[in-house]
Amino acid sequence: MDKEGYAYEIIIVDDGSTDGTWPCVKDLSSADNRIHGIRFRRNYGKSAALYCGFEKAQGEVVITMDADLQDSPDEIPELYNMIVRDGYDVVSGWKQHRKDNALTKNLPSKLYNATARMITGIKLHDMNCGLKAYRREVVKSIEVYGEMHRYIPYLAKNAGYTKIGEKPVHHEKRKYGKSKFGMERFVNGFLDLQSLWFLSTFGKKPMHFFGYSGLLMFFVGFVMTIWIIAAKLVHQANGVRFRAVTDQPLFYLALVAVILGVVLFLAGFLGEMVARSNSERNKYNVSEEF
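This report concerns the structure included in the present document. (Residues numbered from 1 in each chain as written. Predicted model: local features only at pLDDT ≥ 70, side-chain atom pairs only at ≥ 80, totals over all residues. Heavy atoms only, no water.)

1. Let's talk about the packing of helix H8 (residues 206–237) against helix H9 (residues 249–277)
In contact at an axis separation of 7 Å, H8 and H9 are set at 160 degrees when each is read in the N-to-C sense. One way to sum up the angle between H8 and H9 is to call them roughly antiparallel. Here H8 runs over H9; the crossing is left-handed. Looking at side-chain class alone, the contact of H8 with H9 contains 23 nonpolar, eight polar and one charged residues. (Axes fitted to C-alpha atoms, helices over the stretch in contact; angles between N-to-C directions. Helix = DSSP H or I, 4+ residues; strand = E, 2+ residues; numbered from the N terminus. Parallel < 35°, antiparallel > 145°, perpendicular 65-115°, else oblique. Left-handed = near helix turned anticlockwise from the far one by under 90°. Nonpolar A, V, L, I, M, F, W, Y, C, P; charged D, E, K, R; others polar.)

What follows is the structure, given as structure tokens:
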């Protein structure tokens, strides 16, 4: 940072570590007032750490980096330039040549990123890379919670920041400690992605989802009911032996479909009531005003 002549601050978030991290951060801060620290009483996760860091950050460009020493600070100048010079809102690192285990990290990561590209429409090779750069207004406009740190580019897109790019970055093999993320993160990540997609698509208009689904189920149940009745009348008119309506499995399927349709429709009404009572229902990101 000094070599490039940048004005900067460094915010280190200690996510409830039990080693010597915090005394080290305090020593660094005492020696340089540009270094700040945030310490959690317990481990809250990466999303919480990013949220608090974003809240405290004051710079025009915000760059995030994991503390596992697998990312290189030498990437910072080009990330900065892509925001300031090239006009990107978000730039995500791309660990093009990963130094992780191919079976437990690389292959699942490729599948995860392919799914994320398909659902979000954002053409990033490595959406979950911890090395990213943001325009200041981006981090002030999004809320990172739960485990949504994986989808910050998608959160930014939903907030109206659509100029999202990526940069191939150098990746080192992990030397110390061990990763806190196991195979379950891919299942959790997929579920989080579905939640984000649903909220961004139907969050302010839940009836459009539940209403259409309810109408579809109700229509299916109605058609099956008409079919059963028509078949009975035809058989009866032709003197063909027929079963009672309540003895046919299709009758119960039709009944279930109608009930599901009503339930989904009611869920849509309840969702609309919740959405109308939401204090942020009319919160929009305004880019310019005069």
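The structure having been displayed, the exposition proceeds.
2. Digging into the side chain of Thr 64
Examined against the element boundaries, Thr 64 turns out to sit in strand E3 (residues 61–64). Classification of Thr 64 by relative accessible area gives buried; the value is 11%. Here the side chain of Thr 64 touches Gly 130 through a polar contact of 2.9 Å, landing on its backbone oxygen. The residues touching Thr 64, leaving out its near neighbours within four places in the chain, are Leu 50, Phe 54, Gly 130, Leu 131, Lys 132 and Tyr 134. (Buried < 20%, exposed > 50% of the residue type's maximum accessible area, 1.4 Å probe, protein only. Polar contact = N/O pair within 3.5 Å; in protein donor to acceptor, adjacent residues only side chain to side chain. Contact = heavy atoms within 4.5 Å.)

3. Description of the packing of aromatic side chains
All chains considered together, the criterion is met by six aromatic pairs. Judged by centre distance (4.5 Å) and plane angle (40 degrees), the rings of Tyr 6 and Tyr 80 are tilted. Taken together, the residues span a long stretch of sequence, with Tyr 6 in the segment before strand E1 (10–14) and Tyr 80 in helix H3 (residues 76–84) at a distance of 74 residues. Take Tyr 6: its relative accessible area is 16%, and that puts it in the buried class. Ring geometry for Phe 209 versus Phe 210: centroids 5.1 Å apart, planes at 85 degrees, classification edge-to-face. Note on Phe 209: relative accessible area 29%, which makes it partly exposed. Directly above the ring of Tyr 88 sits Lys 163, whose terminal nitrogen or CZ lies 5.3 Å from the centroid. (Phe/Tyr/Trp six-rings, centres within 6.5 Å; stacked < 30°, edge-to-face > 60°. Lys NZ or Arg CZ within 6 Å of the ring centre and 35° of its normal.)

4. Describing H3
Inspection of H3 places Ile 76, Pro 77, Leu 79, Met 82 and Ile 83 among the buried residues, and these make up the whole buried set. Looking at the packing, one finds that the buried side of H3 touches E3, strand E4 (90–94), strand E5 (132–135) and strand E6 (164–168).

5. Concerning the pairing of E4
Most of E4 is tucked away: five of the five residues are buried. Residues Val 90, Ser 92 and Trp 94 of E4 are buried on one face, and the alternating residues Val 91 and Gly 93, pointing to the opposite face, are buried as well. Looking at chain direction, E4 and E6 are connected through five bridges and run parallel. Across the sheet, residue Val 91 finds its bridge partner in E6, namely Gly 165. (Pairing = 2+ DSSP bridges.)

6. Re the sheet that holds E4
With respect to topology, four strands assemble into an open sheet ordered E3-E5-E4-E6, the strand pairing being mixed. The strands lining the two open edges of the sheet, one partner per strand, are E3 and E6. The average angle at which neighbouring strand axes cross in this sheet is 20 degrees, direction not considered. Where E3 and E5 come together, four bridges link them in antiparallel fashion. Within the sheet, the bridge partner assigned to Thr 64 lies in E5 and is Lys 132. Contacts from H3 reach E3, E4, E5 and E6 within the one sheet, and its direction differs from that of E3 by about 140 degrees.

7. Topic: the pattern of salt bridges
Inspection of the entire model under this criterion finds seven salt bridges. Between Glu 78 and Arg 85 there is a salt bridge, and its shortest N-O distance comes to 3.1 Å. We note a salt bridge from Asp 86 to Arg 85, for which the minimum N-O separation is 3.0 Å. Using a relative accessible area of 52% as the deciding quantity, one classes Arg 85 as exposed. A network of salt bridges, in which partner residues are shared, links Asp 2, Asp 32 and Arg 34. (Salt bridge = Lys/Arg side-chain N within 4 Å of Asp/Glu carboxyl O.)

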